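# Understanding the architecture of this molecule
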Amino acid sequence: MDRPNYITPAGYAALRQEYEALFAVERPKLVDTIAWAAGNGDRSENGDYIYGRKRLREIDRRLGWLSKRMKAAKVIDPARQEDRSKIWFGATVTIADEDDNERVLTLVGDDEADAGKGRVGWNAPLVRALRGASVGDLRRVTLPAGEREYEVMAIAYPDP
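The present account deals with the structure reproduced in this document. Predicted model, so just to flag it, every value in this text is computed and none were measured. Along each chain, the written sequence defines residue order, and numbers are assigned to residues from 1. Owing to the predicted nature of the model, reporting of local features is limited to residues with pLDDT of at least 70; listing and counting of side-chain atom pairs is limited to 80 or more, with chain, interface and lining totals taken over all residues. Computation of side-chain values covers all heavy atoms of the structure but excludes hydrogens and water.

## Some details on the overall build of the protein
- Across its full length, the protein carries 3 helices and 7 strands.
- Only DSSP runs of H or I reaching four residues or more are called helices, and only runs of E reaching two or more are called strands; each is numbered from the N terminus. In sequence order, the secondary structure elements of the protein are arranged as β-α-α-β-β-β-β-α-β-β.
- For a compact globule the rule gives 2.2 Å times the number of residues to the power 0.38, and the radius of gyration it is set against comes from C-alpha atoms. Taken over the C-alpha trace, the protein has a radius of gyration of 22 Å; the compact-globule value for 160 residues is 15 Å, which it surpasses by more than 25%.
- Principal-axis analysis of the C-alpha atoms places the extent of the protein at approximately 70 × 35 × 25 Å.
- A buried classification covers 34% of the 160 residues belonging to the protein. Only protein chains enter the accessibility calculation, which uses a 1.4 Å probe; a residue is then buried when its area is under 20% of its type maximum, exposed when over 50%, and partly exposed in between.

## Quick notes on helix α1 (residues 9–38)
- To estimate how far a helix should reach, multiply one less than its number of residues by 1.5 Å. Between its first and last C-alpha, α1 extends 42 Å over 30 residues, near the 44 Å set by a 1.5 Å rise per residue.
- The largest bend along α1 measures about 35° and falls at Leu22.
- Turning to α1, its buried residues are Gly11, Leu15, Tyr19, Leu22, Leu30, Ile34, Ala37 and Ala38. Bending is quantified residue by residue as the angle between axes fitted to the seven-residue window ending at that residue and the seven-residue window starting at it.

## Here we look at the sheet that holds strand β5 (residues 119–121)
- Within the open sheet, the 5 strands sit side by side as β5-β4-β3-β7-β6. Their pairing is mixed. Looking along the sheet, the strands with just one partner apiece sit at the ends: β5 and β6 (138–143). Adjacent strand axes in the sheet meet at a mean angle of 45° when their direction is disregarded.
- One bridge is not enough; two strands pair if DSSP finds at least two bridges between them. Bridge count for strand β3 (residues 92–96) against strand β7 (residues 146–156) is 5 bridges, and the pairing is antiparallel. Bridge assignment links Ile95 to a residue of β7, and that residue is Val152. A fitted line through C-alpha atoms serves as each axis, taken over the contacting stretch for helices, and the angle formed by two N-to-C directions is quoted from 0 to 180°.

## A closer look at the packing of aromatic side chains
- Each Phe, Tyr or Trp ring, with Trp reduced to its six-membered ring, pairs with another whose centre is within 6.5 Å; inter-plane angles below 30 degrees give stacked pairs, above 60 give edge-to-face pairs, and intermediate values give tilted ones. According to the stated counting rule, one finds 4 aromatic pairs in the structure shown.
- Both rings, one in Tyr6 and one in Trp122, keep their centres 6.1 Å apart while their planes meet at 90°; by these two values the pair is edge-to-face. Pair noted here: Tyr6 is in strand β1 (residues 5–7) and Trp122 is in the loop between β5 and α3 (125–130), with a separation of 116 residues, a long-range link.
- Taking the relative accessible area as the measure of exposure, Tyr6 reaches 22% and is therefore partly exposed.
- Measuring from ring centre to ring centre gives 5.6 Å for Phe89 and Trp122, while their planes differ by 75°; the resulting arrangement is edge-to-face. Residue Phe89 is located in the loop between β2 (73–75) and β3, and its partner Trp122 is located in the loop between β5 and α3; the two are separated by 33 residues in the primary sequence. Both residues of the pair, Phe89 and Trp122, count as buried.
- An aromatic cluster is defined as three or more aromatic residues linked by ring pairs; in this entry it consists of Tyr6, Phe89 and Trp122.
- Whether a charge sits over a ring comes down to the Lys NZ or Arg CZ being within 6 Å of the ring centre and within 35 degrees of the ring normal. The cationic tip of Arg131 hangs over the ring face of Trp122; the distance from NZ or CZ to the ring centre is 4.2 Å.

Below, the structure written as structure tokens:
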């Protein structure tokens, strides 16, 4: 990876929880099912065996991806941010566009982004444009819908 994988403590815990659930619970159950299905004889038309092997490959692929993401993760607690007057990782930001439409965004790691809940990844174009801005600053960003200008209305961080 050419850039750090910033993540909040809660985001890292979610990755870890998914990894442990797959590795300690789902994968062993699947291996038992595959072993049982293999013992039933002809594997060419055995749905449990064929589906089980396919699902096992999917789980192993996901475990590998999760492992890489956790190794590259740089956990940053937004509550410990020293400069709370500017937009940095973990900030909850209120922005307004040219039409005075306000949006509230929380800047999180790319692995924990969820635009529907207002959680935007650290490397998203909008967040890259907002980094380092203070209240009252104007920032122009090119989005798929065209170029937009946003004004920073408020910046908040979680309490320590």
